[in-house]
Amino acid sequence: MADSIMSKAATMEIPINSNGDTGTLPEDDSLEQDLQQVMVSGPNLNETSIVSGGYGGPAGGIIPTSSIKGMALLENIRMKSRGVSLPKSQSAAGRLALHTDQHPGSTSNHSAVNSTEEVSRGVAVEKLEGVKKWGINTYKCTKQMFSERFGRGSRTVDLELEAQIDVLRDTKIKYENILRLATALTMHFQSMVQTQQALGDTFTDLSQKSPELQDEFGYNAETQKLLCKNGEALLGAINFFVSGINTLVNKTMEDTLMTIKLYENARLEFDAYRSDLEEMSLGQRDAAAMVRIEMAQHDYQVHREKYERLRSDVTIKLKFLEENKVKVMHKQLLLFHNAISAYFAGNQQQLEQTLIQFNVKLKPPGSDKPSWLEEQ
């Protein structure tokens, strides 16, 4: 194939004068170099070939890549033989590449792609730095935790605050027990009220169908209805008591315990960076070590400020929690006592006054049942 290309190039590139004589090619060292490159770029069995045509096409569609390079060099030779001067930095292959790649709008699209890649690269670097910091912090905290557990490391302790935290956790367990028992009492008492309601309805029906026992059934029906009414009032008071205890335990105390958990994590991080700084201070004092010590000192100050801030938050929340707990429990315990006493004493008037005093609103009968629209 290279021979055919050379013969074709020789035929096409012989200049003819007006008298029919063959002209003389100008002596050009670059032309001779291009011819040598054509001879060198002959077919090679180890080179890659480009297949033109679709799948299953004829074998004639296979073009060696070396031939493409030779064609570009022959184009260069042809232009030089015609007396066209080309810049040394631009060959035929270069002109073809420039003609293929450059098109309107390519510069703006390239800049837009570069800006998008820079933004994506910045986000990836930021995420990588965050993961790196998280890994270092987790390693140091885990090391400090195991050191404390096995008695090899020291920990910062605030004895007064730790005692208050232990009291709070013990109080929460006891109040959760009160909440569980009061909820069970509500369920059992509600079942009893429903039974009294059904029994009163049965007595009323029998008083109408049994003339000989009409008065007896009537008395019992009225008694059961009165007990059911008072039971609903007591049930409203117990529900109010349960709601107040639930708010105190599962919201107010839980919020304080979440702050305590953050405080304990900050304490662990503070001790971890403190221990790290102490280990570096006992080591070498060369330039690189001093840089690491300064960075460790900075991290130590940051975690110390975080620890002290959360310790202050915990102290304030414990103080307000204690005040709120006394206030809430004083009201709830007084309500529970007065309502229970009035109910079992049969004092309906006192029971109603107790509900009014503590602003307890009773739900109308059947309000807990879903409406016919919700049942559909």
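Reading the values: rules and limits
- Residues numbered from 1 in each chain as written.
- Predicted model: local features only at pLDDT ≥ 70, side-chain atom pairs only at ≥ 80, totals over all residues.
- Heavy atoms only, no water.
- UniProt positions renumbered as here; feature names shortened; annotations may be inferred.
- Helix = DSSP H or I, 4+ residues; strand = E, 2+ residues; numbered from the N terminus.
- 1 Å grid on protein atoms, 1.4 Å probe; cavity = no way out; pocket = protein on both sides within 12 Å on 5 of 7 lines; lining within 4 Å.
- Points joined across faces, edges and corners; volume = space filled by probe spheres on them.
- Nonpolar A, V, L, I, M, F, W, Y, C, P; charged D, E, K, R; others polar.
- Axes fitted to C-alpha atoms, helices over the stretch in contact; angles between N-to-C directions.
- Parallel < 35°, antiparallel > 145°, perpendicular 65-115°, else oblique.
- Left-handed = near helix turned anticlockwise from the far one by under 90°.
- Buried < 20%, exposed > 50% of the residue type's maximum accessible area, 1.4 Å probe, protein only.
- Contact = heavy atoms within 4.5 Å.
- Arc of directions from axis to C-beta.
- Polar contact = N/O pair within 3.5 Å; in protein donor to acceptor, adjacent residues only side chain to side chain.
- Salt bridge = Lys/Arg side-chain N within 4 Å of Asp/Glu carboxyl O.

Taking an unreviewed UniProt entry as the reference, the protein chain is identified by name as ADP-ribosylation factor interacting protein 2a belonging to Sparus aurata.

Considerations on the UniProt feature "coiled-coil region" (unreviewed entry) in the protein chain
Per the UniProt record, "coiled-coil region" (unreviewed entry) is annotated on residues 293-324. Across residues 293-324, the secondary structure splits into 100% helix and 0% strand, with the terminal C-alpha atoms separated by 46 Å.

Let's talk about the layout of surface pockets
Roughly 380 Å³ of volume is contained in the second largest pocket. Along its surface, the second largest pocket is lined by 14 residues, and I136, K140, Y273, M295 and D299 are the ones closest to its centre. Sorting the residues of the lining of the second largest pocket by element identifies α5 (106-149), α7 (214-281) and α8 (287-344) as the ones contributing at least two each. With six residues, the top contributor of residues to the lining of the second largest pocket is α5. Its residues placed into classes, the lining of the second largest pocket shows five nonpolar, two polar and seven charged.

Description of the packing of α7 against α8
Interhelical geometry of α7 versus α8 gives an angle of 165° and a closest axis separation of 8 Å. Taken as axis vectors, α7 and α8 run roughly antiparallel relative to one another. Between α7 and α8 lies a crossing whose hand is left-handed. Grouping the amino acids of the contact of α7 with α8 by side-chain chemistry returns 33 nonpolar, 11 polar and 13 charged.

Considering the environment of R274
With respect to the helices and strands, the residue R274 is situated in helix α7. Exposure remark for R274: the relative accessible area of 14% places this residue in the buried category. Through-space distance from the C-alpha of R274 to that of Q297 is 8.5 Å; in sequence the pair is 23 residues apart. With residues up to four places along the chain from it excluded, the contact list for R274 reads S154, R155, T156 and Y300.

A closer look at helix α9 (residues 348-357)
Regarding α9, the residues found buried are L351, T354 and L355. Seen end-on, α9 carries its buried residues on one side only, within an arc spanning 95°. For α9, exposure combined with an orientation more than 90 degrees from the buried face picks out Q349, I356 and Q357. In this structure, the buried side of α9 is in contact with α7 and α8. Capping the start of α9 is the job of one residue whose side-chain oxygen sits 3.4 Å from the backbone nitrogen of Q349: N347. Following α9 by one or two positions, N359 adopts a phi angle in the positive range, close to 55°.

Regarding the pattern of salt bridges
Under the criterion given, the structure shown has 14 salt bridges. Here K172 makes a salt bridge to E254, at a shortest N to O gap of 3.6 Å. Of this pair, K172 sits in helix α6 (residues 159-209) while E254 sits in helix α7, placing them 82 residues apart in sequence. In this structure, the salt-bridge partner of D271 is R274, at a minimum N-O distance of 3.2 Å. Residue D271 and its partner R274 are located together in helix α7, separated by three residues, close to a single helical turn. D271 gets classed as buried once you look at its relative accessible area, which sits at 0%. Taken together, the shared-partner salt bridges connect R267, D271, R274 and E278 into one network.

Some points on the side chain of Q224
Along the chain, Q224 falls in helix α7. Non-local contacts of Q224, meaning those with residues more than four positions away in its chain, are made with Q196, L199, G200 and F203.

Points about the packing of α7 against α9
With their axes 10 Å apart at the nearest point, α7 and α9 run at an angle of 30° to one another. By the angle between their axes, α7 is roughly parallel relative to α9. As α7 packs across α9, the resulting crossing turns out to be left-handed. The residues of α9 that touch α7, namely those facing L226, K229, N230, A233, L234 and A237, are Q348, L351, E352 and L355.

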